Amino acid sequence: MNDTSAIRSPSTASLEEHHKRILARLEEVEGAVLAVSTDYPDGHRIPVHRHSRSQLLYALSGVVMVSTGKGRWMVPPEHAIWLPAGTDHAVEMLGEVEMRSIYVLPDALQGLPADLRVVAMTDLVRSLIVEAVALPLPPRRTARAGLILDLLLHEVTGLPERPLALPFPSDRRLAALCRQFLAAPSARATIDGWARAAGMSRRSFTRAFRRQTGLGLSTWRQQACLFAALPRLADGEAVTTVALELGYESVAAFTTMFKRMLGKPPRAWLR
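Residues numbered from 1 in each chain as written. Predicted model: local features only at pLDDT ≥ 70, side-chain atom pairs only at ≥ 80, totals over all residues. Heavy atoms only, no water.

A. Broad picture of the overall build of the protein. Assigned secondary structure in the protein consists of 10 helices and 10 strands. In summary, the protein has a C-alpha radius of gyration of 20 Å against a globular reference of 18 Å for 271 residues, a match within 12%. Its C-alpha atoms give the protein principal-axis dimensions of roughly 65 × 35 × 35 Å. In the protein, which comprises 271 residues, the proportion classed as buried is 49%. Counted over contacts in the protein with a minimum sequence separation of 6, partners at least 24 positions apart contribute 72%. Carbon and sulfur atoms make up 50% of the accessible area of the protein, which amounts to about 13000 Å² in all. In the protein, 33 side chains carry a positive charge and 26 a negative one; their mean positions are 9 Å apart. (Helix = DSSP H or I, 4+ residues; strand = E, 2+ residues; numbered from the N terminus. Rg over C-alpha atoms; globule rule 2.2 N^0.38 Å. Buried < 20%, exposed > 50% of the residue type's maximum accessible area, 1.4 Å probe, protein only. Contact = heavy atoms within 4.5 Å. Areas by Shrake-Rupley, 256 points an atom, 1.4 Å probe, with all protein chains shown as cover. Lys, Arg positive; Asp, Glu negative; His and termini not counted. Charge placed at Lys NZ, Arg CZ, Asp CG, Glu CD.)

B. Highlighting the confidence of the model for the protein. On average, residues of the protein score 86 in pLDDT, and 93% of them are at 70 or above. Segment residues 1-12 is flagged for pLDDT under 50; beyond a separation of four residues in sequence, or across chains, it makes 56 contacts in the model. (pLDDT = per-residue confidence, 0-100.)

C. Local environment of the nonpolar core. Core analysis: the largest hydrophobic core is formed by 58 residues, its most contacted members being V64, I81, W194, F205, W220 and F254. With nine residues, the single largest contributor to this core is helix α7 (residues 217-234). Ignoring sequence-local partners within four residues, the contact set of F205 consists of L174, I191, W194, A195, A198, M200 and L217. Core analysis: the next-biggest nonpolar cluster, separate from the first, contains 25 residues, Y58, A80, W82 and V104 among them. (Core = buried A, V, L, I, M, F, W, Y, C linked by side-chain atoms within 4.5 Å.)

D. Local environment of the pairing of strand β2 (residues 33-40). The buried count for β2 comes to seven of eight residues, which makes it a mostly enclosed element. Relative to strand β7 (residues 89-104), β2 is paired through eight bridges, and the arrangement is antiparallel. When the sheet's bridge partners are listed, T38 is paired in β7 with M99. (Pairing = 2+ DSSP bridges.)

E. Spotlight on the UniProt feature "domain: HTH araC/xylS-type" (unreviewed entry) in the protein. In the numbering used here, UniProt assigns the "domain: HTH araC/xylS-type" (unreviewed entry) feature to residues 172-271. Secondary structure over residues 172-271 splits into 74% helix and 0% strand, and the C-alpha atoms at its two ends are 40 Å apart. (UniProt positions renumbered as here; feature names shortened; annotations may be inferred.)

F. Seen up close, helix α4 (residues 172-183). Between the first and last C-alpha of α4 there are 17 Å, a value that for 12 residues agrees with the 16 Å anticipated at 1.5 Å per step. For α4, every residue scored as buried is listed here: L174, A175, L177, C178 and F181. Around the axis of α4, the buried residues are gathered within 155° of arc, so they sit on the same side. Projecting away from the buried face of α4 at angles above 90 degrees are the exposed residues R172, Q180 and A183. In this fold, the buried residues of α4 make contact with α5 (191-198), α6 (202-213) and α7. The N-cap residue of α4 is D171: its side-chain oxygen and the backbone nitrogen of R173 are 2.8 Å apart. (Expected span 1.5 Å × (residues − 1). Arc of directions from axis to C-beta. Polar contact = N/O pair within 3.5 Å; in protein donor to acceptor, adjacent residues only side chain to side chain.)

G. Spotlight on the environment of H79. Checked against the element boundaries, H79 lands in strand β6 (residues 79-83). As for H79 and V64, which are separated by 15 residues in sequence, their C-alpha atoms are 9.7 Å apart. Residues in contact with H79, not counting those within four places in the same chain, are L57, Y58, A59, V118, V119, A120, M121, R162, L164, L262 and W269.

H. Focus on the packing of α5 against α6. Closest axis-to-axis distance for the α5/α6 pair is 9 Å, and the angle between their directions is 95°. As judged from the angle between their axes, α5 and α6 are roughly perpendicular. Each of I191, D192, W194, A195 and A198 in α5 lies in contact with α6, whose residues at this interface are R202, F205, T206 and F209. Within the contact of α5 with α6, the residues separate by chemical class into six nonpolar, one polar and two charged. (Axes fitted to C-alpha atoms, helices over the stretch in contact; angles between N-to-C directions. Parallel < 35°, antiparallel > 145°, perpendicular 65-115°, else oblique. Nonpolar A, V, L, I, M, F, W, Y, C, P; charged D, E, K, R; others polar.)

I. Up close: the packing of aromatic side chains. Here the structure, examined in full by the defined rule, presents nine aromatic pairs. Ring centres of F209 and W220 lie 6.0 Å apart, and the angle between their planes is 90°; on these two criteria the pair is classed as edge-to-face. One end of the pair, F209, is in helix α6; the other, W220, is in helix α7, and 11 residues separate them in sequence. Under the relative-accessibility criterion, W220 is labelled buried at 0%. Here the aromatic cluster, defined as three or more aromatic residues joined through ring pairs, consists of F181, W194, F205, F209 and W220. (Phe/Tyr/Trp six-rings, centres within 6.5 Å; stacked < 30°, edge-to-face > 60°.)

J. Spatial organisation of the side chain of Q223. Relative to the elements of secondary structure, Q223 occurs in helix α7. Take Q223: its relative accessible area is 5%, and that puts it in the buried class. Not counting the four nearest positions on each side in its chain, Q223 is found in contact with P163, A165, L166, L215 and M261.

Right, here's the structure in full:
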């Protein structure tokens with residue numbers, strides 16, 4: 001039978017100490033799964049760390065930004081990120097975040113994702129996570145707890161991946177251009193402009209960027225603009241304002257991009 005423990009946000013201890021206790025608990029629990037429930041205030045940042053278990057980090061509310069040496073990943077509400085064991089990462093809260101995490105031993109089940117990815121939540125997995133964090137602590141384990149956790153692990157393997165990754169190139173020149181873009185994202189950025197700034201031909205730049213990130217610049221740029229837009233929309237800014245300030249020629253063009261990336265137009269996603 002799998003094992004689980006629910007750890008909730010402290011009332012008096014600092015969040016930093018709370019996180020340290022979570023990391024320590026991950027090494028102590030013998031079972032396959034540890035369920036953790038923690039609420040974070042807007043702007044809270046968890047510094048770079050790693051753990052020996054893989055993590056399914058689910059944002060019940062709020063937006064989470066996860067950063068690694070290879071790029072950034074956005075986790076909006078009703079999404080989750082899968083972090084393989086041993087991944088160095090930092091976490092930043094954009095808005096008040098209700099975080100629910102499932103920590104899993106790497107060999108708990110064949111077919112668990114081997115790479116970092118953002119996934120869309122399903123009704124079933126959402127319900128299973130809610131039940132998992134509410135399960136009693138050991139030694140009060142039940143057959144029901146084992147069934148919930150076994151089903152949760154199997155369902156994780158089928159969660160649909162979403163294009164909310166923003167990988168960085170390994171080339172320093174290209175990575176610097178990416179960081180400059182994130183500081184001032186604009187839908188009007190062009191391949192020719194980036195190639196000139198990198199001191200490369202258009203063809204060499206295009207090949208190098210795709211080889212190092214797995215994405216074409218146009219797709220990368222759209223995802224970067226989406227990363228910039230989501231926290232602003234979640235904070236209540238008007239779609240028109242966000243779209244125009246990101247350099248889109250019209251709200252319709254921004255909405256088309258948004259729907260293609262997230263499956264819904266901005267207003268429907270916000271609802």
